[in-house]
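# Structural description and commentary
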Amino acid sequence: MSGIGFGTWSWGNQLVWGYRPERDDLQLQATFRQALASGLNLIDTADSYGTGAWTGRSESLLGECIAALPATRRSELVVATKLAPFPWRLGRRGFDRAFEASRRRLRGHLHRVQLHWSTARYAPWQEVALLDGLADRVLEEDVLELGVSNVGPRRLQSMHRHLLDRGVPLRSVQVQFSLLSPQSSGEDTLLAFCRAVGIEVLAYSPLAFGILCQPPGAKPHAETALRRRIETRLLPASEPLRFELQRIALSRKVSQTQVALNWCRAHGATPIPGLRRPSQARDVAAALTWQMTGEERVQLDRLRAACTRRMPENPFLSD
């Protein structure tokens, strides 16, 4: 079974998550400490996390938290950031300034660098050069590992071959994967390929913005308008699915959150749910104490396939 990490997209994001520093920063620091105390050592962030004046805030907050740890504890963490391939970041050296800025915000604590998304839909010629630039960083020992994000099986296989030719293993791929994620024809192919060659699949948004944690009968109540719109679409459509999540949770005396995360793990993915409160960290880590049966997984698979509405697809996802 795969492990569990956690994500920090909400740290600094006002648009989707309603971030307010005066209210949230101390709680986020407590959440970080609880996550580590609970055994969650894989932490995901990105240079584009944070909205408006708070761009880069996620990395900055995370860097402050890590710097407060003893050196021995810091060495046990896998800190992974993603660099955004904006159109102005061109060529093999296109990520140089962004990489150094991320490393500064993270106080030098960076284990894995990741290409945030494919440029296939707007600048396909840009992608290989940027990927080579990140591979250079691994070969020059500026960072230990390299990963990618938001790519489908065909492009992933191409990237894997290209990096192998350079002597750089592709460590991970991030994709949106949950009981409510868009279900593409390439999903099974990607999971099977990653199993075969040893690439870790990191499942982002594994709780579908928290919708999978809500019991049957729940009504939209998210803090931000964007999330309330998604809840309005998905809560009614996912009612049978969430009823089964609740049934499994009650029978096991666990939370719906844990059931949804262990569905991801049962498919070979490592979920990286976003954390904002210490109680969430404790609940998420508790999912590591049990495993889903094959019968439970199959039943949830069936209800997933029957669900008529899904989470929005990432617009930069390539095939």
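Below: a short report on this structure. (Residues numbered from 1 in each chain as written. Predicted model: local features only at pLDDT ≥ 70, side-chain atom pairs only at ≥ 80, totals over all residues. Heavy atoms only, no water.)

### What about the overall build of the protein?
Helix and strand content of the protein: 13 helices and eight strands. Its C-alpha atoms give the protein a radius of gyration of 19 Å, within 12% of the compact-globule value 20 Å for 319 residues. With respect to the principal axes defined by its C-alpha atoms, the protein has extents near 50 × 45 × 35 Å. Taken across its 319 residues, the protein has 55% of its residues classed as buried. (Helix = DSSP H or I, 4+ residues; strand = E, 2+ residues; numbered from the N terminus. Rg over C-alpha atoms; globule rule 2.2 N^0.38 Å. Buried < 20%, exposed > 50% of the residue type's maximum accessible area, 1.4 Å probe, protein only.)

### Structural notes on the sheet that holds strand β5 (residues 145–149)
Through backbone hydrogen bonds, the strands of a sheet pair up, either in parallel or in antiparallel fashion. If you trace the eight strands from one edge of the open sheet to the other, you get β1-β2-β3-β4-β5-β6-β7-β8, paired in parallel fashion. Edge positions in the open sheet fall to β1 (6–7) and β8 (269–271), since each of these has one partner strand only. With four bridges connecting them, strand β3 (residues 78–83) and strand β4 (residues 112–115) associate as parallel partners. Across the sheet, the residue bridging to alanine 80 is arginine 112, located in β4. (Pairing = 2+ DSSP bridges.)

### Brief notes about the layout of surface pockets
Estimated volume of the second largest pocket: approximately 330 Å³. If one sorts the elements of the lining of the second largest pocket by residue count, helix α8 (residues 187–197) sits on top with three residues. Each residue belonging to the lining of the second largest pocket can be placed in one class, and the counts come to 10 nonpolar, eight polar and three charged. (1 Å grid on protein atoms, 1.4 Å probe; cavity = no way out; pocket = protein on both sides within 12 Å on 5 of 7 lines; lining within 4 Å. Points joined across faces, edges and corners; volume = space filled by probe spheres on them. Nonpolar A, V, L, I, M, F, W, Y, C, P; charged D, E, K, R; others polar.)

### Considering the environment of phenylalanine 99
Mapped onto the fold, phenylalanine 99 is located in helix α5 (residues 96–105). In this structure phenylalanine 99 comes out as buried when scored by relative accessible area, which is 1%.

### Overview of the nonpolar core
With 82 residues, the main nonpolar core has Phe32, Leu146, Val148, Leu156, Val173, Leu180 and Leu300 as its most contacted residues. When residues no more than four places from it in sequence are discounted, the contact partners of valine 148 are Gln114, Leu115, Leu131, Leu156, Met159, Leu170, Ser172, Val173 and Gln174. (Core = buried A, V, L, I, M, F, W, Y, C linked by side-chain atoms within 4.5 Å. Contact = heavy atoms within 4.5 Å.)

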